[in-house]
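A look at the structure
For reference, the chains in residue letters:
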Amino acid sequence: MSQISANNMDPVLNDRVQFVNQEITKMITTLPVKIRFKRSFQRWLSWLLFPVLAPVIIFILRYVRKNRIEDHKKIRMLFKRIAAESKIPTLICANHLTKVDSIYIHHAFASIPYYWFHFRLFSWNIPAKENFWTNPVDRLVTYLGKCIPIVRTGSPEHHKEVLNTLRYLMFKGELCTVFPEGGRSETGRIDVENVRYGVGNILNGLPDYRVICVYMRARTQEGLSDMPPIGDSIYFDFKVITPQSVAKGRRAERDIARTIIQKLKDMEDTYFAGKNN
């Protein structure tokens, strides 16, 4: 992301511009070169093999699992409109019921050709390493799916490195996806008290950003599972917000995270209210 030019006629704007440029410089220089290279190579290889892997995945979703995204054309149209607005750092935050939620989010938002020509919009993910890194095939697929494994029980240094990497990628214009609950919901419902503040940590370190809140679930889905039920249609809704906090540090991270999880909870309540009517 290139730096921003100052405006000599507006001292307030100049202060903001200076802050943004400082943050951009700090983000680029603090992430080790080795990590930046690894992610750049991973992105290139993922893009190169995308036309080979993606059709196989979509074939499984549509013709083997027989799942259908409701209002799919409308969702893709709205996403393209939002994505085309600017390259402002964007984080996708979603509820979490299955192991493949991120794949369905990819499928919902855009087609294979669209991602091929706009690969920054094919979002990065941080799956739990213990779920996908034991099987060589799963490891290869997740690597080519722009995934950065995270060890839930890992050290604070490991978690910090992963979060800083996501922040760096967002600075570069890449989209990233996280699940604020940290793991799949045991009850099948969002628990606003079970939010992880890592999402707040990512955003609080950015001078500007937006969040795409996604609520998705199969119509007959009751609780957590590995995959959505076969043949089920997928309810999919998303809203764009910019959660802010007047606080600083950990308190700001908490406020931002709680704003996001509350928005997802409101979207869930809307889903069940419509389902029960």
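**Re the overall build of the protein**
Counting secondary structure elements, the protein contains 10 helices and six strands. Looking at the protein residue by residue over its 277 residues, the buried ones come to 47%. Restricting to contacts in the protein with at least 6 residues of sequence separation, those with at least 24 account for 74%. Split by element, the accessible area of the protein, about 14300 Å² in all, is 57% carbon and sulfur.

**A few points about unusual backbone geometry**
Unlike most non-glycine residues, Lys66 shows phi in positive territory, near 60°. On the secondary structure map, Lys66 appears in the loop between helix H2 (33-64) and strand S1 (68-69). For Lys146, which is not glycine, the phi torsion reads 60° and is therefore positive. On the secondary structure map, Lys146 appears in the loop between helix H7 (136-144) and helix H8 (156-171).

**A few points about the packing of aromatic side chains**
Any pair of aromatic rings gets described here by the distance separating the centres and the angle formed by the planes. The full count for this structure, using the stated rule, is 16 aromatic pairs. When the ring of Phe59 is compared with that of Tyr63, the centres are 5.4 Å apart and the planes differ by 40°; the resulting orientation is tilted. Of this pair, Phe59 and Tyr63 both sit in helix H2, separated by four residues, roughly a single helical turn. Each ring, one from Tyr215 and one from Tyr235, has its centre 6.4 Å from the other, and the planes form 65°; the classification is edge-to-face. Separated by 20 residues along the polypeptide, Tyr215 in strand S5 (residues 210-218) and Tyr235 in strand S6 (residues 233-241) bring together distant segments of the chain.

**Details of the nonpolar core**
One finds Leu91, Val199, Leu203 and Ile260 to be the most contacted residues of the largest nonpolar core, which totals 36 residues. Only strand S2 (90-94), H8, strand S4 (175-178), helix H9 (198-204), S5, S6 and helix H10 (249-276) provide two or more residues apiece to this core. Considering each element in turn, this core owes the most residues, eight residues, to H10. Not counting residues up to four positions away in its chain, the partners in contact with Leu203 are Leu91, Met170, Tyr209, Val211, Ile256 and Ile260. If you look at the next biggest cluster of nonpolar residues, it comprises 31 residues, including Ala94, Val100, Leu121 and Phe238.

**Some thoughts on the pattern of salt bridges**
Pairing is possible between side chains that carry opposite charge, provided their charged atoms lie close to one another. Under the counting rule described, the total for this entry stands at 12 salt bridges. A salt bridge links Glu253 to Arg250, with the shortest nitrogen-to-oxygen separation between them at 3.1 Å. Taken together, the positions of Glu253 and Arg250, both in helix H10 and three residues apart, correspond to about one turn of that helix. The exposure class assigned to Glu253 is buried, which follows from its relative accessible area of 8%. What makes Arg250 exposed here is its relative accessible area of 58%.

**Some points on the packing of H2 against H7**
Running from N to C, H2 and H7 cross one another at 105°; their axes reach a closest spacing of 8 Å. For the element pair H2 / H7, the angle class is roughly perpendicular. Contacts between H2 and H7 pair Phe41, Gln42, Leu45, Ser46, Leu49 and Leu53 from the former with Val141, Tyr143 and Leu144 from the latter. Partitioned by chemical class, the residues of the contact of H2 with H7 number seven nonpolar, two polar and no charged.

The rules behind the values
- Residues numbered from 1 in each chain as written.
- Predicted model: local features only at pLDDT ≥ 70, side-chain atom pairs only at ≥ 80, totals over all residues.
- Heavy atoms only, no water.
- Helix = DSSP H or I, 4+ residues; strand = E, 2+ residues; numbered from the N terminus.
- Buried < 20%, exposed > 50% of the residue type's maximum accessible area, 1.4 Å probe, protein only.
- Contact = heavy atoms within 4.5 Å.
- Areas by Shrake-Rupley, 256 points an atom, 1.4 Å probe, with all protein chains shown as cover.
- Phe/Tyr/Trp six-rings, centres within 6.5 Å; stacked < 30°, edge-to-face > 60°.
- Core = buried A, V, L, I, M, F, W, Y, C linked by side-chain atoms within 4.5 Å.
- Salt bridge = Lys/Arg side-chain N within 4 Å of Asp/Glu carboxyl O.
- Axes fitted to C-alpha atoms, helices over the stretch in contact; angles between N-to-C directions.
- Parallel < 35°, antiparallel > 145°, perpendicular 65-115°, else oblique.
- Nonpolar A, V, L, I, M, F, W, Y, C, P; charged D, E, K, R; others polar.

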